[in-house]
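Chain by chain, the residues:
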Amino acid sequence: MTKAQEIAYDLREQIVSGALKGGEALPSESKMMTQYGYSRETVRAGVRLLIDEGLVVTGQGQGKYVREDYPPVVWNWSTLESRSRHANAVEGQTAGDQWASAVAEGGKAPRQEITVSIVEPPAHVRECLGLPDDGLAVARKRIRYVDNRPYALADSYFPQELVAGTPLMEPRDVSAPGGILASVGLVQAKYRDEIAVRMPTRQEAELLALPAATPVAEHTRTGYDADGRPLRCMVTILPGDRHKILYEVDTD
């Protein structure tokens, strides 16, 4: 190993073993120079390797810190938006926004920042919704927080002509028995899911305060009515360091 790799190896072992805990500052450069007997530039090169791996993040000023652990949120996408979950919702517990309810059930505090606009949707969303090239969609964009930490982005797109004048146009949390779409006669009978794993865009990294080397899962769920007409396309960005996705599939 090079000298920088030796330093990175030792610090990595301390992080993995818990000797250096999440959120804890690394020793100062001067202290590491004394400890390892190498130059300041070599120490910086070793720490930089861990930054590139995502184990170490840069704080305010020149501080370097062990990447903080996020308690994972487990999403059972098989049941999260099921009609039975809506039908059995209990006011104050599982009623309202199903994402927020799932977070609250886990003993955590959910919060969302919501904006609503009429947009030309991204190409893959336009394709999922079956819109023409110049078709417009209502976009409900949400930054989702768990215990005041940004955890996910969730953008829902609806064909404009289907939801104009409905509560979905309101830039706030909205809910209705059975779901907002169902309350206006648009019942989702089935979903189609797509999951891609990739590195975040710059905007996603900024909105979610992602440390370096944090991949995200892009979950696209398209909802259809009984006739196969697409009603909604939701694109959720889930950072890999704070989410676990669960599916339950019948062997039939």
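Computed from a predicted structure; not experimentally measured.

Engineer: If you had to explain the overall build of the chain to someone new, which residues and values would you point to?
Structural biologist: Looking only at helices and strands, the chain has nine helices and 10 strands in total. The principal-axis extents of the C-alpha atoms in the chain amount to approximately 70 × 40 × 40 Å. Looking at the chain residue by residue over its 252 residues, the buried ones come to 40%. Considering only residue pairs separated by 6 or more positions, the chain has 61% of its internal contacts joining residues 24 or more positions apart.

Engineer: Kindly report on a nonpolar patch on the surface, identifying the contributing residues and their values.
Structural biologist: Together, Ile-195, Val-197, Tyr-247 and Val-249 make up a nonpolar patch on the protein surface, roughly 410 Å² of accessible area in all. Relative to the assigned elements, Ile-195 resides in strand E7 (residues 190–198). Owing to a relative accessible area of 45%, Ile-195 belongs among the partly exposed residues under this scheme.

Engineer: If you had to explain the pattern of salt bridges to someone new, which residues and values would you point to?
Structural biologist: Scanning the model with the defined rule gives 16 salt bridges in all. Across the pair Arg-221 and Asp-193 runs a salt bridge whose closest N-O atoms are separated by 2.8 Å. Of this pair, Arg-221 sits in strand E8 (residues 216–224) while Asp-193 sits in strand E7, placing them 28 residues apart in sequence. Arg-242 is the salt-bridge partner of Asp-241, the closest N and O atoms lying 2.7 Å from each other. Three or more residues joined by partner-sharing salt bridges are found here, namely Glu-29, Arg-40 and Arg-44.

Engineer: Please give an account of the nonpolar core that cites residues and values.
Structural biologist: The nonpolar side chains of a soluble globular protein tend to be buried with one another. Ranked by internal contacts, the top residues of the largest apolar core, which has 17 residues, are Val-125, Leu-129, Tyr-157, Cys-233 and Ile-237. For this core, the secondary structure elements donating two or more residues are helix H6 (123–129), strand E5 (137–146), strand E6 (149–159) and strand E9 (230–239). With four residues, the single largest contributor to this core is E5.

Engineer: For the pairing of E9, give the residues involved together with the corresponding values.
Structural biologist: Within E9, 10 of the 10 residues are buried, which leaves it mostly tucked inside the rest of the structure. Bridge count between E6 and E9: five bridges; the pairing is antiparallel. Residue pairing for E9: Asp-155 is matched across the bridge by Val-235. Pairing between E8 and E9: nine bridges, direction antiparallel. Note on E9: the bridge partner recorded for Gly-223 is Arg-232. Hairpin remark: E8 followed by E9, antiparallel, with five residues in the connecting loop; positive phi at Gly-228, about 85°.

Engineer: Talk me through the packing of helix H1 (residues 3–17) against helix H3 (residues 40–53); I want residue IDs and the actual numbers.
Structural biologist: Each pair of packed helices can be described by the angle between their axes along with the distance between the axes. In the contact formed by H1 and H3, the axes pass within 8 Å of each other and the chain directions differ by 50°. Taken together, H1 and H3 sit at an angle that is classed as oblique. Considering how the two elements wind past one another, H1 and H3 form a crossing that is right-handed. Between H1 and H3, the contacting residues are Lys-3, Ala-4, Gln-5, Ile-7, Ala-8, Leu-11, Arg-12 and Ile-15 on the first element and Thr-42, Val-43, Ala-45, Gly-46, Val-47, Leu-49, Leu-50 and Glu-53 on the second.

Engineer: Pulling in residues and values, what's your account of helix H5 (residues 98–105)?
Structural biologist: Among all positions of H5, only Gln-98, Trp-99, Ala-100, Ser-101 and Val-103 are buried. Two residues or fewer past H5, Gly-107 is found with a positive phi of approximately 80°.

Engineer: Which residues make up the sheet that holds E7, and what values go with them?
Structural biologist: Judged by pairing direction, the sheet is antiparallel, and its six strands sit side by side in the order E4-E5-E6-E9-E8-E7 without closing on themselves. The open sheet terminates on both sides in strands that have one partner only, identified here as strand E4 (110–119) and E7. Each strand of the sheet is rotated relative to its neighbour by a mean of 15°, with strand direction disregarded. Each of E4 and E5 is contacted by H5, which is oriented at about 170° to E4, the strand it contacts most.

Engineer: Before we move on, can you summarise the state of the cysteines with the specific residues and values?
Structural biologist: Enumeration over the complete set of coordinates arrives at zero disulfides. Here Cys-128 is not cross-linked by a disulfide; its sulfur's nearest cysteine counterpart is in Cys-233, at 4.3 Å.

Engineer: Now, about the environment of Tyr-247: what can you tell me, with residues and values included?
Structural biologist: Mapped onto the elements of the fold, Tyr-247 is located in the segment after strand E10 (243–246). Note on Tyr-247: relative accessible area 33%, which makes it partly exposed. Sequence separation between Tyr-247 and Lys-190 is 57 residues; the distance between their C-alpha atoms is 15 Å. The contact partners of Tyr-247, leaving out residues within four places of it in the chain, are Trp-77, Ser-78, Asp-193, Ile-195 and His-219. Side chain to side chain, Tyr-247 and Asp-193 meet in a polar contact 2.6 Å long.

About the cut-offs
- Residues numbered from 1 in each chain as written.
- Predicted model: local features only at pLDDT ≥ 70, side-chain atom pairs only at ≥ 80, totals over all residues.
- Heavy atoms only, no water.
- Helix = DSSP H or I, 4+ residues; strand = E, 2+ residues; numbered from the N terminus.
- Buried < 20%, exposed > 50% of the residue type's maximum accessible area, 1.4 Å probe, protein only.
- Contact = heavy atoms within 4.5 Å.
- Patch = residues over 30% accessible without salt bridge, like charges linked within 9 Å, V, L, I, M, F, W, Y side chains within 5 Å.
- Areas by Shrake-Rupley, 256 points an atom, 1.4 Å probe, with all protein chains shown as cover.
- Salt bridge = Lys/Arg side-chain N within 4 Å of Asp/Glu carboxyl O.
- Core = buried A, V, L, I, M, F, W, Y, C linked by side-chain atoms within 4.5 Å.
- Pairing = 2+ DSSP bridges.
- Axes fitted to C-alpha atoms, helices over the stretch in contact; angles between N-to-C directions.
- Parallel < 35°, antiparallel > 145°, perpendicular 65-115°, else oblique.
- Left-handed = near helix turned anticlockwise from the far one by under 90°.
- Disulfide = S-S within 2.5 Å.
- Polar contact = N/O pair within 3.5 Å; in protein donor to acceptor, adjacent residues only side chain to side chain.

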